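Take a look at the letters that make up each chain.
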Amino acid sequence: INTIHGPLDTRVILKEPRGKEVSDSDSFVFNANFSNKLFRIKINTIQLKETSEDTEKTLEDVFRDREYQVDASIVRTMKARKRLSHTDLMGELLSQLRF
């Protein structure tokens, strides 16, 4: 609870009823009367958990971006070298691309 409303003299958020324990019936209210030039208050945001759908979409986007980078690297290498064996091309790509 101290991470939410801070030390006793810097109450940005007020809790009813007062106390350290938090229950479902407690209410939290922004303290509009708070003002103090000596304190800088940092309020942490709650990070939402990613769903499996979001994770899958992110992985697809990353894979697509990497595919474009590999293609571009192949084109650059082949333009510079004109002829290259598959093994040499793979070695060159691995040295250029770090994922």
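Here the structure is a predicted model, which is why all the values come from computation and not from measurement.

A. Structural detail: the overall build of the protein. A tally of regular secondary structure across the protein gives three helices and two strands. Traced from its N-terminal end to its C-terminal end, the protein shows the element sequence α-β-β-α-α. Counting across all 99 residues of the protein, residues that qualify as buried make up 14%. For the protein, the share of sequence-separated contacts (at least 6 apart) that also reach a separation of at least 24 residues comes to 20%. Taken as a whole, the protein presents about 9200 Å² of accessible surface, with 55% of it coming from carbon and sulfur.

B. Fine view of helix α2 (residues 52-81). With 30 residues, α2 should reach 44 Å at 1.5 Å per residue; the first-to-last C-alpha distance of 43 Å fits that figure. Among the residues trailing α2, K82 stands out with phi positive, at a value near 65°.

C. Representation of the side chain of D26 in the model. Topologically, D26 is positioned in the loop between β1 (13-16) and β2 (27-30). Judged by relative accessible area, D26 falls into the buried class, the value being 13%.

D. Focus on a negative patch on the surface. Side chains of E50, E53, D54, E56 and E60 sit close together on the surface and give a patch of like negative charge. Residue placement: E56 occurs in helix α2.

Rules behind the numbers
Residues numbered from 1 in each chain as written. Predicted model: local features only at pLDDT ≥ 70, side-chain atom pairs only at ≥ 80, totals over all residues. Heavy atoms only, no water. Helix = DSSP H or I, 4+ residues; strand = E, 2+ residues; numbered from the N terminus. Buried < 20%, exposed > 50% of the residue type's maximum accessible area, 1.4 Å probe, protein only. Contact = heavy atoms within 4.5 Å. Areas by Shrake-Rupley, 256 points an atom, 1.4 Å probe, with all protein chains shown as cover. Expected span 1.5 Å × (residues − 1). Patch = residues over 30% accessible without salt bridge, like charges linked within 9 Å, V, L, I, M, F, W, Y side chains within 5 Å. Salt bridge = Lys/Arg side-chain N within 4 Å of Asp/Glu carboxyl O. Lys, Arg positive; Asp, Glu negative; His and termini not counted. Charge placed at Lys NZ, Arg CZ, Asp CG, Glu CD.

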